[in-house]
Amino acid sequence: MKVSIFGLGYVGAVSCACLPELGHEVVGVDINPLKVQMIGAGQSPVVEEGIDELIAAAVRAGRLRATLDLAEAVHATDVSLISVATPALANFMPDLRALDAVMRAIGEALRSKDSHHTIVIRSTVAPGTTEGRIRTLLEEAAGRAVGDRLSLVFNPEFLREGSSVADFHQPPQTIIGSIDDEGFEVMKRLYEGLPGAFVRTSVGVAESVKYLCNVFHALKIVFANEAGSVLKGCGLDGREVLDIFCRDTQLNISRVYLRPGFAFGGSCLPKEVKGFLTLARERQIQIPVLGGLLDSNQAHIDRAYEMIASAGRKPVALFGLAFKPGTDDMRDSPLVALAERLIGKGFDLAIFDSFVKVSRLLGKNKEFIDREIPHLDRLLKDSPEAALHGAEVVVIGHADAETRATIIRRAAGCRVVDLSGYADLRAASFAGYEGICW
Ligand SMILES: NC(=O)c1ccc[n+]([C@@H]2O[C@H](COP(=O)([O-])OP(=O)(O)OC[C@H]3O[C@@H](n4cnc5c(N)ncnc54)[C@H](O)[C@@H]3O)[C@@H](O)[C@H]2O)c1
């Protein structure tokens, strides 16, 4: 394929070095004449392991050149990768001036190019930017719409400076947010031969995944550093603890607990978080992120309450009361906290949880619920139908498949507030539906 790359910084230079290896013919474009000259002379404009040899070899083989002439590069190629800088503005949103300028200029150049052209945004932008601002600017400048000999794709870059050539060859996954089908097909051909999953999604999701990856990396570093500092205060080696912690790829370094839904609770998580915070406090160790966990969890319970209350004080059927499905343990259940709040605010509430039977409650579990919801026996119904009787708002904490089938059948006229995200409920039709994180 014939590919132009706009912006010869870390991202663009690595693409210039590696795409010729996949058999493509590449033209690099930058406003900085020195970078253009360097590529022309077979040198890398950035320092990265292995990049010099690749650029020199690609230029020698006639597969890589560079130019200051943007329009010439557009006419000479069928795909343009855009990797100009998007540095932070005062409010930390990306500064889009360079991206705007390139898109306008490419659009204008496309007015005199009839054949199909694919534009691939690789610069990091906030969710919504490509479909909104960039698409509008490009279509206006080009005088044609995406879909009319024009494709617009967002393809996030996950390379790490210092190991970017190796990262190009071993991507964690390749994510393609393409507005049109042809754009996706072009990207499949562009990256043919690279390992890893190839994922098609919407442009907004692709932009968001990139943003979220960096937020998560920052969160992991802060978690490890805060945990390590408290452990050191306890006379322990934080590195050793975290090393063993990371070996658990079932529960720790895994998808588990990374699914947006309702708040955490139960007899272990809140207790252990509070205990760890005490260890830090007693040693005067500042751990603002871990210290904010309980506030964050409470804010999530508050969000659920606001969603329910937003339509006024309508009768509510709450499904699920235990801290998770499959148990009757209600100790520190966030659904109990939500139920208490609704009762306190005067909502007419009915509850169904197939695992919770008041007559079978014992010990600490019974003490807890007697203290938090003294008249639970009056609110707790023995069937989903009974809980739904007279309800206008249905709140899904958790529910088994049979219960969900009843809700779908019987609650079509209700407004559903979904804290769980079961696929069948999301696909069903109700008078109203709102998910807590979707
Ligand atoms: N550096 C990374 O590790 C990394 C990783 C993933 C994503 N990103 C994102 O990729 C983008 C590029 O990052 P980078 O580190 O390569 O940036 P960089 O600052 O190293 O390079 C950007 C290049 O764009 C050029 N440029 C600016 N305006 C131009 C124009 N109008 N026409 C042509 N070229 C122009 C600049 O001269 C510069 O050479 C940013 O959005 C960044 O957030 C960077």
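Just so it is clear, the structure is predicted and the values come from calculations on it, not from any experiment. (Residues numbered from 1 in each chain as written. Predicted model: local features only at pLDDT ≥ 70, side-chain atom pairs only at ≥ 80, totals over all residues.)

Caption draft 1: Structural detail: the overall build of the protein chain. A tally of helices and strands in the protein chain yields 19 helices and 13 strands. In terms of its C-alpha atoms, the protein chain occupies a principal-axis envelope of roughly 80 × 60 × 40 Å. Taking all 438 residues of the protein chain together, the buried fraction comes to 35%. (Helix = DSSP H or I, 4+ residues; strand = E, 2+ residues; numbered from the N terminus. Buried ≥ 20, exposed ≤ 12 C-beta atoms within 10 Å, placed from the backbone.)

Caption draft 2: Looking closely at the nonpolar core. Val14, Cys16, Ala17, Ile55 and Ile82 are the most contacted members of the largest nonpolar core, which totals 61 residues. Sorting elements by how many residues they give to this core places helix H1 (residues 10-18) first, with seven residues. Every residue in contact with Val14, bar those within four places of it in the chain, is listed here: Glu48, Ile51, Leu159, Ser164, Val165 and Phe168. In this structure, Ala317, Leu318, Phe352 and Val393 belong to the second largest nonpolar core, which totals 41 residues. (Core = buried A, V, L, I, M, F, W, Y, C linked by C-beta atoms within 7 Å. Contact = placed C-beta atoms within 7 Å.)

Caption draft 3: Representation of the pairing of strand E1 (residues 2-6). Among the five residues that make up E1, four are buried, leaving the element largely enclosed by the rest of the structure. In the sheet, E1 pairs with strand E2 (residues 25-29) via five bridges, with the strands oriented parallel. In the sheet register, Ile5 faces E2, and the bridge partner there is Gly28. Traced from E1 through H1 to E2, the parallel crossover comes out right-handed. (Pairing = 2+ DSSP bridges. Right-handed = clockwise from strand over helix to strand, strands pointing away.)

Caption draft 4: Representation of the packing of H1 against helix H3 (residues 51-60) within the structure. As a packed pair, H1 and H3 sit with axes 8 Å apart at the nearest point and diverge in direction by 55°. Between H1 and H3, the crossing angle belongs to the class labelled oblique. Between H1 and H3 the crossing geometry is left-handed. Between H1 and H3, the contacting residues are Ala13, Val14, Cys16, Ala17 and Cys18 on the first element and Ile51, Leu54, Ile55 and Ala58 on the second. (Axes fitted to C-alpha atoms, helices over the stretch in contact; angles between N-to-C directions. Parallel < 35°, antiparallel > 145°, perpendicular 65-115°, else oblique. Left-handed = near helix turned anticlockwise from the far one by under 90°.)

Caption draft 5: Inspection of unusual backbone geometry at higher detail. Despite not being glycine, Tyr257 shows a phi value in the positive range, around 70°. Residue class for Tyr257 comes out exposed when judged on the 10 C-beta atoms lying within 10 Å of it. A positive phi is found at Gln284, a non-glycine position, where the angle reads about 50°. With 7 C-beta atoms packed within 10 Å, Gln284 lands in the exposed category.

Caption draft 6: Region of the structure containing the sheet that holds E2. Strands sit in the order E3-E2-E1-E4-E5-E6-E7-E8 across an open sheet of eight strands; the sheet is mixed. Two strands close off the open sheet at either side, each with one partner strand: strand E3 (64-67) and strand E8 (197-201). Averaged over all adjacent pairs, the angle separating strand axes in this sheet is 25°, with direction ignored. Of the strand pairs in this sheet, strand E6 (residues 150-154) and strand E7 (residues 173-178) are connected by two bridges, and their pairing is antiparallel. For Phe154, the partnering residue across the bridge sits in E7 and is Gly177. Most of the contacts of helix H9 (residues 203-233) go to E7, to which it runs at about 140°, and overall it touches E6, E7 and E8.

Caption draft 7: Structural detail: helix H14 (residues 334-344). Looking at H14, one finds that the buried residues are Pro334, Leu335, Val336, Leu338, Ala339 and Leu342. In this fold, the buried residues of H14 make contact with helix H13 (293-309), strand E9 (316-319), strand E10 (349-352) and helix H15 (363-372).

Caption draft 8: Spatial organisation of the domain arrangement of the protein chain. Entries for the protein chain in the domain assignment read domain 1 (2-202) and domain 2 (296-435). Domain 1 and domain 2 are separated by 49 Å when their C-alpha centres are compared. (Domains from an automatic or database assignment.)

Caption draft 9: A look at the sheet that holds E9. One open sheet accounts for five strands, arranged E10-E9-E11-E12-E13; its pairing is parallel. Either end of the sheet is taken by a strand with one partner, and the two such strands are E10 and strand E13 (432-435). Strand after strand, the sheet turns through a mean of 15° between neighbouring axes, direction not considered.

Caption draft 10: Representation of the environment of Val209 within the structure. If you trace the backbone, Val209 turns up in helix H9. Those residues in contact with Val209 that lie beyond four places of it in its chain are Pro156 and Ile175.

Caption draft 11: Representation of the site of the ligand in the model. For the ligand, the set of nearby residues contains 25 residues, the closest of which are Gly7, Gly9, Ala85, Ala98 and Ser123. Secondary-structure elements contributing two or more residues to the shell around the ligand are H1 and helix H5 (97-110). Tallied by class, residues from the shell around the ligand come to twelve nonpolar, eight polar and five charged. (Near = placed C-beta within 6 Å. Nonpolar A, V, L, I, M, F, W, Y, C, P; charged D, E, K, R; others polar.)

Caption draft 12: Representation of the environment of Gly128 in the model. Among the secondary structure elements, Gly128 is positioned in the loop between strand E5 (117-121) and helix H6 (130-142). A count of 13 C-beta atoms within 10 Å places Gly128 in the partly exposed class. Gly128 sits 80 residues away from Ser208 along the chain, and the two C-alpha atoms are 8.7 Å apart.

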